[in-house]
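Below are the chains, spelled out letter by letter.
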Amino acid sequence: MRLLLTTDTHLTPRYPNRELPAELWERIDAADVVVHAGDWMDPELLDGFERRSRRLVACWGNNDGDDLRAHLPETAVADVGGLRLAVTHETGSAAGRERRCDARFGPGSATPVDVLVFGHSHIPWDTTTPGGVRLLNPGSPTERRRQPVCTYMTAEIRDGDLLDVTQHALAPGAVRRD
């Protein structure tokens, strides 16, 4: 099962010529499951993801307005290929992240999961908590901020295992900023 992981797309009606890179749309079309960890900022983008995704697991982010929050949860939890996956936008600062995520999503918590996909920082992240929860932040495909390039992730699920987690860098000219 092929996964596409993204977050912080930050497309807004204020920038009518800004769009997602074609490479990301191609990966969305090819994925069995698309995971988006919030900060869409444009309901039409959510509509596009829903049309093009075989299955979408998504949440809203801190920059998403009431129209998006009416259609998306703050945290989504789903069984994906035998893995329990959660997606939420914010996990707080990097310091203490594993401890906080174990308390909220680790063994013995109210919502135990195998994988947590999050966003907000635009900084790619791939660690495992002491409790065994895999934490993934795919970065942003449109706003690199302090990172050298815009990013997203892909992964595979086989026999209930998360495999081949790969961070992809987008070419500098791939993101339109008109």
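As the structure is a computational prediction, the values presented were derived from the model and not from experiment.

**Student:** Just checking my understanding: could you explain the overall build of the protein for this structure?
**Tutor:** Assigned secondary structure in the protein consists of four helices and ten strands. Seen along its three principal axes, the alpha-carbon backbone of the protein occupies a region of about 45 × 35 × 30 Å. Here the protein, with 178 residues, has 49% of them falling under the buried criterion. A sequence separation of at least 24 residues applies to 57% of the contacts in the protein between residues at least 6 apart. Accessible surface for the protein amounts to roughly 8,200 Å². Of this, 47% is attributable to carbon and sulfur atoms. The distance from the centre of the 21 positive side-chain charges to the centre of the 27 negative ones in the protein is 4 Å.

**Student:** Just checking my understanding: could you explain empty space enclosed by the protein for this structure?
**Tutor:** A probe as big as a water molecule, rolled over the atoms, marks out the empty space that is left. Per the stated rule, a full pass over the model turns up one cavity of 30 Å³ or more. For the largest cavity, the calculated volume is near 30 Å³. Looking at the largest cavity, the residues that line it are S121, H122, I123, R144, R145, R146 and Q147.

**Student:** What's the story with the sheet that holds strand β8 (residues 134–137) in this structure? I'm lost.
**Tutor:** Judged by pairing direction, the sheet is mixed, and its five strands sit side by side in the order β4-β5-β6-β8-β7 without closing on themselves. On the outer flanks of this sheet lie β4 (75–80) and β7 (125–128), each paired with one strand and no other. Within this sheet the neighbouring strands show an average axis-to-axis angle of 15 degrees, counted without direction. Relative to β8, strand β6 (residues 115–117) runs parallel, the two sharing three bridges. Bridge pairing in β8 places V115 opposite R134.

**Student:** Would you mind going over the packing of helix α1 (residues 22–30) against helix α2 (residues 43–52) with me for this structure?
**Tutor:** The geometry of a pair of packed helices is captured by two quantities: the angle between their axes and the separation between those axes. In contact at an axis separation of 9 Å, α1 and α2 are set at 45 degrees when each is read in the N-to-C sense. Taken together, α1 and α2 sit at an angle that is classed as oblique. For the pair α1 and α2, contact is made by W25, I28 and D29 and by L45, G48, F49 and R52, respectively.

Definitions and limits used
- Residues numbered from 1 in each chain as written.
- Predicted model: local features only at pLDDT ≥ 70, side-chain atom pairs only at ≥ 80, totals over all residues.
- Heavy atoms only, no water.
- Helix = DSSP H or I, 4+ residues; strand = E, 2+ residues; numbered from the N terminus.
- Buried < 20%, exposed > 50% of the residue type's maximum accessible area, 1.4 Å probe, protein only.
- Contact = heavy atoms within 4.5 Å.
- Areas by Shrake-Rupley, 256 points an atom, 1.4 Å probe, with all protein chains shown as cover.
- Lys, Arg positive; Asp, Glu negative; His and termini not counted.
- Charge placed at Lys NZ, Arg CZ, Asp CG, Glu CD.
- 1 Å grid on protein atoms, 1.4 Å probe; cavity = no way out; pocket = protein on both sides within 12 Å on 5 of 7 lines; lining within 4 Å.
- Points joined across faces, edges and corners; volume = space filled by probe spheres on them.
- Pairing = 2+ DSSP bridges.
- Axes fitted to C-alpha atoms, helices over the stretch in contact; angles between N-to-C directions.
- Parallel < 35°, antiparallel > 145°, perpendicular 65-115°, else oblique.

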